[in-house]
Amino acid sequence: METIKFELHEGVGTLTLNRPTRKNAIDAVMREELKALVPTLPQMRDLRALILTGAGGSFSAGGDISVMGAGTLAPEEGRHRMRHDYLSWIETLLRLEVPVISAVEGPAFGAGFSLALTADIVLSAPSGRFCMSFMRLGLVPDCAAFYTLPRIVGTQRAKELAFSARELSAEQARDLGIVLEIVPEGRVLERAQQMAKCFALAAPAALAMTKRALNVSMNSSLDAMMDIEADAQAVARTSQWHTDAVQRFLNKKPSAFQWPGSLD
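Residues numbered from 1 in each chain as written. Predicted model: local features only at pLDDT ≥ 70, side-chain atom pairs only at ≥ 80, totals over all residues. Heavy atoms only, no water.

Student: Break down the pairing of strand E6 (residues 121-124) for me, citing the residues and quoting the values.
Tutor: The side-chain alternation of E6 yields two buried faces, one formed by Ile121 and Leu123 and the other by Val122 and Ser124. Of the pairings in the sheet, the one linking strand E4 (residues 100-104) to E6 comprises four bridges and is parallel in character. Note on E6: the bridge partner recorded for Ser102 is Val122. In this sheet, strand E9 (residues 181-182) lies alongside E6 in parallel orientation, the contact comprising two bridges. Following the sheet pairing, Ser124 is matched in E9 by Ile182. (Buried < 20%, exposed > 50% of the residue type's maximum accessible area, 1.4 Å probe, protein only. Helix = DSSP H or I, 4+ residues; strand = E, 2+ residues; numbered from the N terminus. Pairing = 2+ DSSP bridges.)

Set out below in structure tokens:
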């Protein structure tokens, strides 16, 4: 592939946007390559965690403005392209049953910001910058930001970020709950790999069911969530992972799942 790289090693997949000379801006080639790769991820039985990152010190500057061609598409064509060339694979990322981690350095603007928000955990270097920049171009947020952003920061703050198109530092993004951790410069991918390797050793069914339950919780009733919990726990208790974990506890051995401490 020309504009992205994907590696799978010991259960950890790393998807790297790879147009560093353009700050990993998404052009037609990258869009098609993401559209080809991402739908294959749910079929990868060895995939236990996924990292999203960018090459060359940038996450993604968003859509490549130099090739946008304002006003060249009829509304019907534009809607079809958005649904089938972007949202089809964005939805796959959001529904992926394994943990997804975004490792951000430099700009995460426009669609790049939206892509970062598809992750369960967002890590940032101090150089990370976040911006819903669409209003600067007379556009609306896309790549599912209407769904993800208000669920993270609340509706009023999501409106303010979308209306103003203002830039957030890594610290401001952390204060709003967008970023979980700020990691020393040059080590954000290392921290993401540390977390991802931990997830790769966790009980896959329990992780998948926990992620799915939390993803639907804000749209569900108490009764629905209690049913999901009961059903999921019944399945989790039958797993070999659970049986082995109980035996390790009884034998006074440490759990196979140990969350990594922060980088020094």
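On we go from here.
Student: An account of the state of the cysteines is requested, with residue identities and associated values reported.
Tutor: All chains considered together, the criterion is met by zero disulfides. The thiol sulfur of Cys143 is not disulfide-bonded, and the nearest other cysteine sulfur, from Cys131, lies at 15 Å. (Disulfide = S-S within 2.5 Å.)

Student: Any chance you could break down the side chain of Thr16 for me, citing the residues and the numbers?
Tutor: With respect to the helices and strands, Thr16 occurs in strand E2 (residues 12-17). Once residues within four sequence positions are removed from consideration, Thr16 is found in contact with Thr3, Ile4, Lys5, Thr53, Gly54 and Ala55. (Contact = heavy atoms within 4.5 Å.)

Student: Pulling in residues and values, what's your account of the sheet that holds strand E3 (residues 49-54)?
Tutor: An order of E1-E2-E3-E4-E6-E9 is seen for the six strands of this open sheet, with the pairing classed as mixed. The sheet terminates laterally at strand E1 (4-9) and E9, the two strands that pair on one side only. Of the strand pairs in this sheet, E3 and E4 are connected by four bridges, and their pairing is parallel. Residue Thr53 lies in a different strand from E4, and its bridge partner there is Ala103. Along the sheet face, helix H1 (residues 28-37) touches E1 and E2 and points at about 25° away from the line of E1. This element, helix H7 (residues 188-200), spans E2, E3, E4, E6 and E9 of the sheet and lies at about 170° to E4. (Axes fitted to C-alpha atoms, helices over the stretch in contact; angles between N-to-C directions.)

Student: Got a sec to walk through the environment of Tyr86? Specific residues and values, please.
Tutor: When you line up the elements, Tyr86 lands in helix H2 (residues 75-95). The exposure class assigned to Tyr86 is buried, which follows from its relative accessible area of 12%. Placed 79 residues apart in sequence, Tyr86 and Glu7 show a C-alpha to C-alpha distance of 22 Å. Setting aside residues no more than four positions away along its own chain, Tyr86 makes contact with Ile26, Arg31, Arg81 and Cys143.

Student: I'd love a proper account of the nonpolar core, names of residues and values included.
Tutor: In this structure, Phe130 and Ile178 are the most contacted members of the largest nonpolar core, which totals 43 residues. When contributions to this core are tallied by element, the ones reaching two or more residues are E2, H1, E3, H2, E4, helix H3 (111-116), helix H4 (145-153) and helix H5 (155-164). Ignoring any residue separated from it by four or fewer positions in sequence, one finds Ile178 in contact with Phe113, Leu117, Val122, Ile152, Val153, Leu161, Leu168 and Ala173. Counting 15 residues, the second largest nonpolar core, distinct from the first, contains Ile121, Ala192, Met195 and Ala196. (Core = buried A, V, L, I, M, F, W, Y, C linked by side-chain atoms within 4.5 Å.)

Student: Lay out the pattern of salt bridges in plain terms, naming residues and giving numbers.
Tutor: Applying the stated criterion across every chain, the model contains 14 salt bridges. Across the pair Asp85 and Lys35 runs a salt bridge, and its minimum N-O distance is 2.8 Å. With Asp85 in helix H2 and Lys35 in helix H1, this residue pair connects regions lying 50 residues apart in the sequence. According to the relative accessible area criterion, Asp85 is buried, its value standing at 12%. (Salt bridge = Lys/Arg side-chain N within 4 Å of Asp/Glu carboxyl O.)

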